[in-house]
Amino acid sequence: MRVLVTGGGGYIGAVLCRRLLDAGHQPVVVDRFFWGRKPLRGCEVEIIPGDVRDFNPGWLRAVDAVCHLAGLSNDPTAEYNTEANWQMNALGTERVVAACKAQGVERFTFASSASIYDNEASSHELLRSPTMCDETTVVAPRGAYSISKKYAEDAILRAAGPDFSPVIFRQGTVYGYSPRMRFDLVVNTFVKDAIVQKRLYLHGGGWMWRPLVDVEDVAAVHVTALAAPLELIRGQIFNVLEENYQIRQLAMLVAGSLSLVEPPIRVDLEEAPLPKLVRNYRMSNAKLSTVLGFTPSRTVLESITGMLAKLPLDRIDDYGDPRYYNIRWMTLLEEFHLEQRPYASIY
Ligand SMILES: NC(=O)c1ccc[n+]([C@@H]2O[C@H](COP(=O)([O-])OP(=O)(O)OC[C@H]3O[C@@H](n4cnc5c(N)ncnc54)[C@H](O)[C@@H]3O)[C@@H](O)[C@H]2O)c1
């Protein structure tokens, strides 16, 4: 299949493109390339530099399926410019969907987010387990990012029909190694902090719950959907996670793993004040396993071990590149652009 991947130059996209090639598909990447093209180096993909806000239906010529990943991909970047976030994540998605329908591209996978389940109530349940959410749970997202994801989901579901078979994946927070590395995702951040600072902070004791999933499993679920019977996936939402973890559990897994490298690295855990905004939610992956027959299997521990084998443990300066941290990089890009050309926002 010729598969158009929006956001294919990103953390998940760079892994997905390689998985598509391994499965015999031909990826075509549409991306703004906020992080540059290096993540796709050595990858046999066709590249269309472009923005989903100006999605050109011509990009879908001879395309059999679309994996839609492009957009601002976390809370801080969405809050930094809420209007751009809305244009990209909400209206941009509507635009891609409309183009697919107009061009007769029936298969469509969407990278939504588990943060849709996060709400005021769950943040007050720190010392109890928050409700286990499934795809039928009524959601009340509260941040610019998750509100835009919910809007995009609703637009996709409205468009589903006999000739358009989209599937929505509510991905947990992702961990693991990618050629476009992110160190602003909780497990990856802990791995980086353990290597660089030899210390991990447990905010509010780290009792918060988070659904988590490895980047290879996320890529694999999109590839699996491309071959799934259409009646199983058309207009369906699936939670995608390996397991729900408490933040303190993740810190212990990272610290324990660092004690096993050669030479061993001792990592201290330290209590820190509760942040203003607490995110605390859990979700179930039962539907994904039973309906689609896919169960994410790469555990946090395996993934940490995998990252430690690939990352330089003795060159701590290597972790300072702002591209590894979405909000740092976007802020720098914005400042640079405005200095060069006033009013020429990178967004
Ligand atoms: N990483 C996670 O933990 C996680 C969890 C749940 C959902 N998601 C979703 O998965 C998708 C991919 O996330 P990621 O971690 O790979 O993020 P990323 O930021 O690494 O990649 C996003 C890619 O999209 C591109 N992009 C952004 N805006 C664009 C636009 N308007 N037009 C074209 N390209 C654009 C960027 O250049 C980048 O290459 C996102 O939609 C994100 O919201 C990610």
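You'll find the structure just up there.
It should be emphasised that the depicted structure is a prediction, and the values quoted were computed from it without experimental measurement.

How each quantity is defined
- Residues numbered from 1 in each chain as written.
- Predicted model: local features only at pLDDT ≥ 70, side-chain atom pairs only at ≥ 80, totals over all residues.
- Axes fitted to C-alpha atoms, helices over the stretch in contact; angles between N-to-C directions.
- Helix = DSSP H or I, 4+ residues; strand = E, 2+ residues; numbered from the N terminus.
- Parallel < 35°, antiparallel > 145°, perpendicular 65-115°, else oblique.
- Left-handed = near helix turned anticlockwise from the far one by under 90°.
- Contact = placed C-beta atoms within 7 Å.
- Nonpolar A, V, L, I, M, F, W, Y, C, P; charged D, E, K, R; others polar.
- Pairing = 2+ DSSP bridges.
- Buried ≥ 20, exposed ≤ 12 C-beta atoms within 10 Å, placed from the backbone.

K.L.:
What exactly am I supposed to notice about the packing of helix α3 (residues 82-103) against helix α5 (residues 144-159) here?
P.N.:
Each packed pair of helices is defined by two parameters, the angle between the axes and the distance between the axes. Running from N to C, α3 and α5 point in directions that differ by 15 degrees, and their axes come no closer than 9 Å. In this view, α3 runs roughly parallel relative to α5, as classed from their interaxial angle. α3 and α5 meet at a crossing whose hand is right-handed. Mapping the contact onto sequence places T82, N85, W86, N89, A90, T93, E94, V97 and K101 in α3 and A144, Y145, S148, K149, Y151, A152, A155, I156 and A159 in α5. Counted by class, the contact of α3 with α5 contains ten nonpolar, five polar and three charged residues.

K.L.:
Looking at this structure, I do not really get the sheet that holds strand β3 (residues 46-49). What am I missing?
P.N.:
Hydrogen bonding along the main chain pairs the strands of a sheet, whether they run parallel or antiparallel. Strands sit in the order β3-β2-β1-β4-β5-β7-β11 across an open sheet of seven strands; the sheet is parallel. Each of the sheet's edge strands pairs with one partner strand only, and the pair in question is β3 and β11 (236-240). Along the sheet, successive strands turn relative to each other by an average axial angle of 20 degrees, direction set aside. In terms of strand pairing, strand β7 (residues 165-171) meets β11 through five bridges, oriented parallel.

K.L.:
What am I meant to see in the sheet that holds strand β10 (residues 209-214) here?
P.N.:
In spatial order, the strands read β8-β10-β12; together these three strands make up an open sheet with mixed pairing. At either margin of the open sheet sits one strand with a lone partner, and together these are β8 (173-175) and β12 (243-246). Taking the axes of each pair of neighbouring strands and ignoring which way they run, one obtains an average angle of 50 degrees across the sheet. Across three bridges, the pairing between β8 and β10 is parallel. Looking at β10, one finds that V174 is bridged to V213. Packing against the sheet, helix α9 (residues 247-258) makes contact with β10 and β12, and its axis sits at approximately 85 degrees to β12.

K.L.:
Explanation requested: the packing of helix α6 (residues 186-196) against α9 in the structure shown.
P.N.:
At a minimum axis separation of 10 Å, α6 and α9 run at an interaxial angle of 40 degrees. Judged on the interaxial angle alone, α9 and α6 are oblique. Where α6 crosses over α9, the handedness of that crossing is right-handed. Of the residues in α9, those touching α6 at V186, V187, F190, V191 and A194 are I247, L250, A251, V254, A255 and L258. For the contact of α6 with α9, a count of residues per class yields eleven nonpolar, no polar and no charged.

K.L.:
Would you mind going over unusual backbone geometry with me for this structure?
P.N.:
In this structure, P263 follows E262 across a cis peptide bond, with omega equal to -5 degrees. Locating P263 in the fold gives a position in the loop between α9 and β13 (268-272). One non-glycine residue, F33, adopts positive backbone phi at about 55 degrees. Turning to its location among the elements, F33 is positioned in the loop between β2 (26-31) and β3. Residue classification places F33 among the partly exposed residues on the basis of 17 C-beta atoms within 10 Å. A positive phi is found at K198, a non-glycine position, where the angle reads about 60 degrees. The topology assignment puts K198 in the loop between α6 and β9 (199-203). By C-beta crowding, K198 is classed as partly exposed, having 14 other C-beta atoms within 10 Å.

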